[in-house]
Amino acid sequence: RIDSALFALAFHGEHLGFGPSEVTLRREATALALEVAPSAQPNAGATALALRGKLPFGAEPPVVELEGGPVSLAALGVRDGELGLTRTRDATLEAHLRVELGEGTLRGSGTGSLVNVSLQRPEIGPREVRSLKLGFRANGEAALDGSHVTLRDTELTVGARRLPTDSSATAR
């Protein structure tokens, strides 16, 4: 168990930080289990956003889940200025995702939302963009070799705009 870990994702010289988080790795009867959860308790009415993974010892597929929220980006360790994000204390993230690695495929389903997101990026414009609401619902699978992707009952939302889709693509 690690009581306080910091994580960062890097994108073309910029980064997005998360943490501090508790990291727990334990051996269960049928799998190796990993959990990454915030060190701090969530606000009232919210569930801590936790990343959980299981690597089974047998034939079962490995699984990763992201579950919880709504929780502010600041509570996750995201700071104003990272990737142009502003007002991170006001922005919230909620996610309910499950991804499974099968024989040659990646299967996933879930929902998620980012609410009250504000950012300032020169690529978008000179002024801060405030109070964006982004969401998704997805159910699909993809071949690990990139040859095929199928999305069912999938929807992206930006503000009040909904972009539903059921699609399938095959690489040639």
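A few points on the structure. Remember, it's a predicted structure, so these values are computed and weren't measured experimentally.

## Remarks on the layout of surface pockets
Move 1: Of the volumes computed, that of the largest pocket is approximately 580 Å³.
Move 2: Every residue lining the largest pocket is counted, 25 residues in all, and those nearest its centre are Phe18, Leu49, Leu66, Leu76 and Leu93.
Move 3: In terms of residues, the lining of the largest pocket owes the most to one element, strand β2 (residues 14–27), which gives five residues.
Move 4: Of the residues assigned to the lining of the largest pocket, the class counts are 23 nonpolar, two polar and no charged.

## Examining unusual backbone geometry
Move 1: With an omega of 10 degrees, the peptide bond between Gly19 and Pro20 qualifies as cis.
Move 2: The residue Pro20 is located in strand β2 in this model.
Move 3: Of note, the amide linkage connecting Gly69 to Pro70 takes the cis form, showing an omega dihedral of 0 degrees.
Move 4: For Asn116, which is not a glycine, the phi torsion comes out positive at approximately 65 degrees.
Move 5: The topology assignment puts Asn116 in strand β8 (residues 105–119).
Move 6: Take Asn116: its relative accessible area is 28%, and that puts it in the partly exposed class.
Move 7: Notably, Asp153 is not glycine yet its phi reads approximately 45 degrees, a positive angle.
Move 8: Tracing the backbone shows Asp153 in strand β10 (residues 148–158).

Parameters at a glance
Residues numbered from 1 in each chain as written. Predicted model: local features only at pLDDT ≥ 70, side-chain atom pairs only at ≥ 80, totals over all residues. Heavy atoms only, no water. 1 Å grid on protein atoms, 1.4 Å probe; cavity = no way out; pocket = protein on both sides within 12 Å on 5 of 7 lines; lining within 4 Å. Points joined across faces, edges and corners; volume = space filled by probe spheres on them. Helix = DSSP H or I, 4+ residues; strand = E, 2+ residues; numbered from the N terminus. Nonpolar A, V, L, I, M, F, W, Y, C, P; charged D, E, K, R; others polar. Buried < 20%, exposed > 50% of the residue type's maximum accessible area, 1.4 Å probe, protein only.

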